[in-house]
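Observations on chain architecture
Chain by chain, the residues run as shown.
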Amino acid sequence: MISQNQSQQQTQKILPQQIQLLNLFQYNSQELLLHIRQELEQNPYLEEVAEHKEDAGSDEYNREAAADYKDWEEYADNDVPDYKVEYANYFNESDMPERPLAAQVDFREAAKGQLFLLNLSDREIAIGNYLIDCLEETGLLEKDMETIADDFSFSQFLTTPEEIESVLNYIQQLEPLGIGARSIGESWLLQLQAKKKKSLIERKAIELLANYYEEFKNRRFEKLMDKLDLEESEFRELVLFLSKLPMRPVAGDAHSLSPKNNIVPDVEISRNGEDFTITVCGIHSEQFRMSDSLQENMDQTKDKAALQYLRSKMQSANWLLYAIKQRNESIMKITKAILQMQEAYFEEGDINKLQPMVLKHIADKVGLDISTVSRLTSNKYAQTPFGTIHLKELFTEGIENKEGEVISNRVIRHALEEVIEREDKRNPYTDQQLVGILLNKGFKVARRTVAKYRDLLHIPVAQVRAIWA
């Protein structure tokens, strides 16, 4: 029997321009500049303003008052934004380098070049380039496959964790050996598996890393010796061999959390007495404008195809200027909200004063989506009175200490790193001993948490640290 039912349901559609806006949010100042340069070459309607107005992109944060911001909707219907000139701060003249900066080959660009030479489809190349951009400065991949698949599906085209992992296998074949590994153990495994001729100790190391790495990290050495059929002296030789392998695929300081000196900050936070001033650096919409001459040409054009082309370019230029303005205003909102939550930290830069803060806290404060906040803080740096910091590193989970107070896990990681740096190198602390030491400092954490943070800091187990001494 045929019947007709009426139901009401709510659906949400994401417009292409919204996706483009989120992609633009992910750019840092240098990437945004490159994007706009390309747009200037392709869009005759967009042109650069010759003069800039100083300090138009700054805002003062006061403890007792917060500046009001216009809603996104206010700008959505504006065909032509308000073009006032504004200051774009890359280098002050007094800070200009006296000699050219030496060109450095980024390992990511080198990896993308190798990936392009493989016999892969355009789809695999796109996923591979995205994966390479996700790599840490160590060359390791710390994001899980599900998160990467979700982010990539939103920004480009639909994919699955299985497809991401399939492409990751290609990346793990590139030079330097070990990039794309998800742990130090996997990096070691990739390096050893690439060797054509393998000695007995190398074959045992591969067996350990492929099957028993978790047991090795947790110091279950007696069981490992039985499983690998090794005597104690042979097992000690194996551990010594592993300790000589590089801890990271990409050379450099694995423990450095500070960016390189030639990074251009996206935000500047300065202090004037009790108040802070926030300045969004780099590109501003007021540095560009629509071409008046082309507007006159469009009014005189009678050819429908040419008219449609000019209108599309005009809309594209209008949208880009709106998007830049929206990006900068959102960064300003987010930075102000972060400053309000982390005021004690920004007063002196003392990491021990960092408060637990997750993306949702800031998203709720500024009225934006969590994914939007994530994109606007990823790969963005802030210049502060105590140095340049990565905004994303300020987001940390909270752990309750023995007094019942919730503290940032970044504080615990810092304390753990300090304890290990000061230990007796010939008799290093085990993870269980580190639990007791941290407890005496007021941090109540489990042994598996200590092991997790130690891995994040790329610090090996006590047995390996003892051999290094």
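Notes on the structure follow. (Residues numbered from 1 in each chain as written. Predicted model: local features only at pLDDT ≥ 70, side-chain atom pairs only at ≥ 80, totals over all residues. Heavy atoms only, no water.)

Moving on, we come to the nonpolar core. Ranked by internal contacts, the top residues of the largest apolar core, which has 65 residues, are I338, F346, I362, V373 and L394. Ranked by residues supplied to this core, first place goes to helix α14 (residues 304-341) with 15 residues. Beyond its immediate sequence surroundings of up to four residues, L394 is in contact with I338, Q342, Y345, F346, L354, M357 and I389. Listed in part, the 25 residues of the second largest apolar core include I184, L209, L228 and M247. (Core = buried A, V, L, I, M, F, W, Y, C linked by side-chain atoms within 4.5 Å. Buried < 20%, exposed > 50% of the residue type's maximum accessible area, 1.4 Å probe, protein only. Helix = DSSP H or I, 4+ residues; strand = E, 2+ residues; numbered from the N terminus. Contact = heavy atoms within 4.5 Å.)

As for its position among the elements, N43 is in the loop between α2 (29-42) and β1 (46-48). Among the polar contacts made by the side chain of N43, one reaches the main-chain carbonyl oxygen of K313 at a distance of 2.9 Å. Setting aside anything within four residues of it in sequence, one finds N43 in contact with K313, S316 and A317. (Polar contact = N/O pair within 3.5 Å; in protein donor to acceptor, adjacent residues only side chain to side chain.)

Once that is clear, we can look at the packing of α14 against helix α17 (residues 370-377). Packing of α14 against α17 leaves a shortest axis separation of 10 Å and a crossing angle of 95 degrees. Between α14 and α17, the crossing angle belongs to the class labelled roughly perpendicular. Two secondary-structure elements touch here, α14 through R327, S330, I331 and I334 and α17 through V373, L376 and T377. Here the residues of the contact of α14 with α17 sort into four nonpolar, two polar and one charged. (Axes fitted to C-alpha atoms, helices over the stretch in contact; angles between N-to-C directions. Parallel < 35°, antiparallel > 145°, perpendicular 65-115°, else oblique. Nonpolar A, V, L, I, M, F, W, Y, C, P; charged D, E, K, R; others polar.)

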